[in-house]
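# Tertiary structure, described
Each chain is listed here by its residues.
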Amino acid sequence: MNRKTAEKAQRYFTTGISLITSFGPHGQNVMAAEWTMQISYKPMLIAVFIHENSVTFKNIKKTKEFGINVSSERQTMAVNIAGGYSRREIDKLKIKEAFEFLPSRKIKSPMIAGCIINVECKLVTMKKLGDHTMVVGKAVTISHDEAKKPLIYHSGRYFQIGSLIEPFRKVVTVDDDVFDWFSSMSKGKFVLKCVGLIIKSNNRVLVLKQTKNTSYLTIPFVVPKRGTEYLKILDFYMQKSGLSTTINNIPILKRLTLKNKKKIQRINFVLFEGRLKSNIKDHIWKSSKLNPLLHILSN
Ligand SMILES: Cc1cc2nc3c(=O)[nH]c(=O)nc-3n(C[C@H](O)[C@H](O)[C@H](O)COP(=O)(O)O)c2cc1C
């Protein structure tokens, strides 16, 4: 690996910045750490990667506790101070008008106000990895401020979070029956996941009657159980439907939003293309021209 290229590339990682607070043999302290992330839900564990030469590391090693204060977009000055000086040089937390504090509840480290998240942590483990040490803390108290936005760090510079990117979905307007049918299958899930098979012949698509109770005709599809192999489950469904098919194993993803009046249902279709080997039972070919859902699925 070319070292110069690697040095440039590593600056392209994008992170937030945390203010790591501690109170140990070297007094109260704060340092900036971009390498901070949650690594477990239950228990809530957070890892910070800290250089052993820092005063913060020495404080944490001794007291086995520390604060994580995830900085907001208004805190570039605090981050510059925390990351630009060592406690050996100056008591950073005493710098005039640089920091405001929150009361600490379960640890002795000071906690910093104006952040998006404040976590009080008890040390769980430390492990040296490369030139830094992974310091893992268990959250003993946590709070957040929804009114604040995170500070973003990228390429050695600070940024504000940008506008929301809505994942792209094609919107298909469907009638009441179709909507209710898909919606009931989703059982309240935010996104209904389906696996379907597209078999075309002369601008028409093969459709099946979906269940005994409905006359709704659409492409053969199944709602897979989490973790089941999509190709296998589709193949099984086709066999059960009495159709002998060959299925191409290249998946096509269609992200749709079904719309009916003011209601919406998100559906992710993973589709495979196939062809009929022979047909045992009756099946129907439908033109997709007049059916918007069929049209989107098959084109
Ligand atoms: C934006 C920024 C991010 C930083 N991220 C880290 C980090 O993730 N890990 C680390 O060990 N040092 C990091 N540093 C450097 C420390 O904050 C710096 O060495 C600090 O002076 C240590 O303070 P202390 O000796 O008072 O503990 C970062 C510095 C800046 C400016």
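Residues numbered from 1 in each chain as written. Predicted model: local features only at pLDDT ≥ 70, side-chain atom pairs only at ≥ 80, totals over all residues. Heavy atoms only, no water.

Let's shift gears to the sheet that holds strand 12 (residues 157-160). Taken together, the three strands give an open sheet; going across it, the order is 1-11-12, and neighbouring strands pair in antiparallel fashion. Only two strands of the sheet have a single partner each, and these edge strands are strand 1 (14-16) and strand 12. Ignoring strand direction, the axes of neighbouring strands in this sheet form an average angle of 40 degrees. Pairing geometry for strand 1 and strand 11 (residues 151-154), over three bridges, is antiparallel. Counterpart to Gly16 in the pairing with strand 11 is Ile152. (Pairing = 2+ DSSP bridges. Helix = DSSP H or I, 4+ residues; strand = E, 2+ residues; numbered from the N terminus. Axes fitted to C-alpha atoms, helices over the stretch in contact; angles between N-to-C directions.)

Spatially, seven strands are ordered 3-2-6-9-10-5-4 in an open sheet, and the strand pairing comes out antiparallel. Where the open sheet ends on each side, the last strands, each with one partner, are strand 3 (27-33) and strand 4 (36-40). Sheet twist, expressed as the average angle between the axes of neighbouring strands with direction ignored, equals 35 degrees. In the sheet, strand 4 pairs with strand 5 (residues 45-50) via four bridges, with the strands oriented antiparallel. Paired with Ser40 across the strands is Leu45, a residue of strand 5. Across the sheet, helix 2 (residues 55-63) is in contact with strand 2 (18-24), strand 3, strand 5, strand 6 (65-70), strand 9 (117-129) and strand 10 (132-144); its angle to strand 2 comes to roughly 55 degrees. (Contact = heavy atoms within 4.5 Å.)

A separate point is the site of the ligand. Around the ligand, a shell composed of 22 residues is seen, among which Ala32, Thr56, Ser86, Arg87 and Lys92 lie nearest. At 3.0 Å, a backbone N or O of Glu34 approaches a nitrogen atom of the ligand. At 2.6 Å, a side-chain N or O of Thr56 approaches an oxygen atom of the ligand. Taking 640 Å² as the accessible area of the ligand by itself, protein coverage stands at 83%. Spatially, the ligand is embedded in the largest pocket. (Near = heavy atom within 4 Å. Polar contact = N/O pair within 3.5 Å; in protein donor to acceptor, adjacent residues only side chain to side chain. Areas by Shrake-Rupley, 256 points an atom, 1.4 Å probe, with all protein chains shown as cover. 1 Å grid on protein atoms, 1.4 Å probe; cavity = no way out; pocket = protein on both sides within 12 Å on 5 of 7 lines; lining within 4 Å. Sits in = over half its atoms within 2 Å of the grid points.)

With that settled, the discussion passes to helix 3 (residues 76-84). Taken residue by residue, helix 3 has Ala78, Val79, Ile81 and Ala82 as its buried positions. Buried residues in helix 3, looked at end-on, bunch into an arc of 165 degrees, giving them a common side. Exposed residues lying more than 90 degrees from the buried face of helix 3 are Met77, Gly83 and Gly84. Contacts made by the buried residues of helix 3 are with strand 2, strand 3, strand 11 and strand 12. (Buried < 20%, exposed > 50% of the residue type's maximum accessible area, 1.4 Å probe, protein only. Arc of directions from axis to C-beta.)

This paragraph deals with the domain arrangement of the protein. Accessible area lost upon the coming together of the parts serves often as the stated size of an interface. As assigned here, the protein comprises domain 1 (12-160) and domain 2 (170-298). If you average the C-alpha positions of domain 1 and of domain 2, the two centres end up 50 Å apart. (Domains from an automatic or database assignment.)

Approximately 630 Å³ is the volume attributed to the largest pocket. Around the largest pocket, the lining comprises 24 residues; the ones closest to its centre are Ala33, Glu34, Trp35, His132 and Tyr153. Taken together, the residues of the lining of the largest pocket break down into 11 nonpolar, 10 polar and three charged. (Points joined across faces, edges and corners; volume = space filled by probe spheres on them. Nonpolar A, V, L, I, M, F, W, Y, C, P; charged D, E, K, R; others polar.)

A separate point is the pattern of salt bridges. The tally for this structure, following the rule as stated, stands at eight salt bridges. The shortest N-O distance in the salt bridge between Lys122 and Glu65 comes to 3.1 Å. Separated by 57 residues along the polypeptide, Lys122 in strand 9 and Glu65 in strand 6 bring together distant segments of the chain. For Lys122, a relative accessible area of 34% gives the class partly exposed. Residue Arg87 is joined to Asp91 by a salt bridge in which the shortest nitrogen-to-oxygen separation is 3.6 Å. A cluster of three or more residues bridged by salt bridges with shared partners is formed by Arg87, Asp91 and Lys94. (Salt bridge = Lys/Arg side-chain N within 4 Å of Asp/Glu carboxyl O.)

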